[in-house]
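Secondary and tertiary structure notes
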Amino acid sequence: RIQQAMCKDEILRFAKSGASNIKFAPTVYAKCVDDVHTFCVDVKPGGGRVHNCLFKHRKDISQDCAAAEFQNQAIQAADIRAHPKAMQVCASSIDKLCKDVHMGEGRVWACLEQAKDSPEM
C-alpha cells in the first residue's frame, strides 16, 4: 500500500511539473514539439504558457499533439493538485469550502463548482 501511495504521489508530482512546463512532460513534448515550433516558438516555457498557446491553436495542431494535450487536461481535471495555477489561486477557497473533501477523482473541482456562488469564494 505504501508503495502505491508513493507511486501516486510521484505521478502527481510529474504531472504537476509537466503542467507548468511542457518540457517536463516528455511524452507530451515529444508529440507536440513540431506544433510548439510552428505555433508557439516565441512563447517562453513555464507557467503553462506553452499549453495555453497550443490550446489557442487546438484546431491547427497535429492529432498526436491534440491527444497528448487532451490527456494532460484529463489528468488536471481528475486532480486539482496537478493544476498548479488553480492550486495557487484557489488555495484559500479550498481551505474554506472544501477542506473535508479528499483530493482526486475530480472531487475538489466539483466542490468548488458547487461553491462558486458562495460569498466565501
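Cut-off values and rules
Residues numbered from 1 in each chain as written. Predicted model: local features only at pLDDT ≥ 70, side-chain atom pairs only at ≥ 80, totals over all residues. Heavy atoms only, no water. Buried < 20%, exposed > 50% of the residue type's maximum accessible area, 1.4 Å probe, protein only. Helix = DSSP H or I, 4+ residues; strand = E, 2+ residues; numbered from the N terminus. Arc of directions from axis to C-beta. Core = buried A, V, L, I, M, F, W, Y, C linked by side-chain atoms within 4.5 Å. Disulfide = S-S within 2.5 Å. Axes fitted to C-alpha atoms, helices over the stretch in contact; angles between N-to-C directions. Parallel < 35°, antiparallel > 145°, perpendicular 65-115°, else oblique. Left-handed = near helix turned anticlockwise from the far one by under 90°. Contact = heavy atoms within 4.5 Å. Nonpolar A, V, L, I, M, F, W, Y, C, P; charged D, E, K, R; others polar.

1. Here's the deal with helix α6 (residues 107-114)
Among all positions of α6, only V108, C111 and L112 are buried. The arc enclosing the buried residues of α6, seen along the axis, measures out at 95 degrees, which places them on a common side.

2. Some points on the nonpolar core
Core analysis: the largest hydrophobic core is formed by 12 residues, namely I22, A25, V28, C32, V36, C40, V50, C53, L54, I61, C65 and A68. Counting eight residues, the second largest nonpolar core, distinct from the first, contains A86, C98, V108 and C111.

3. Comments concerning the state of the cysteines
Under the definition given, this model contains three disulfides. Disulfide partner of C40: C53, at an S-S distance of 2.1 Å. The disulfide joining C40 to C53 has a torsion of about -95 degrees about its S-S bond and is therefore left-handed. Here the residue C40 occupies a position in the loop between α2 (26-39) and α3 (49-56), and C53 occupies one in helix α3, the gap between them amounting to 13 residues. Each member of the pair, C40 together with C53, is buried. Once the disulfide-bonded cysteines of the protein are ranked by sequence position, their pairing pattern turns out to be 1-4, 2-3, 5-6.

4. Thoughts on the packing of α2 against α3
For the pair α2 and α3, interaxial distance at closest approach is 11 Å and the crossing angle is 70 degrees. By the criterion of interaxial angle, the relationship of α2 to α3 is roughly perpendicular. The handedness of the crossing between α2 and α3 is left-handed. Mapping the contact onto sequence places V28, C32, D35, V36 and F39 in α2 and V50, H51, C53 and L54 in α3. The residue inventory of the contact of α2 with α3, partitioned by class, reads seven nonpolar, one polar and one charged.

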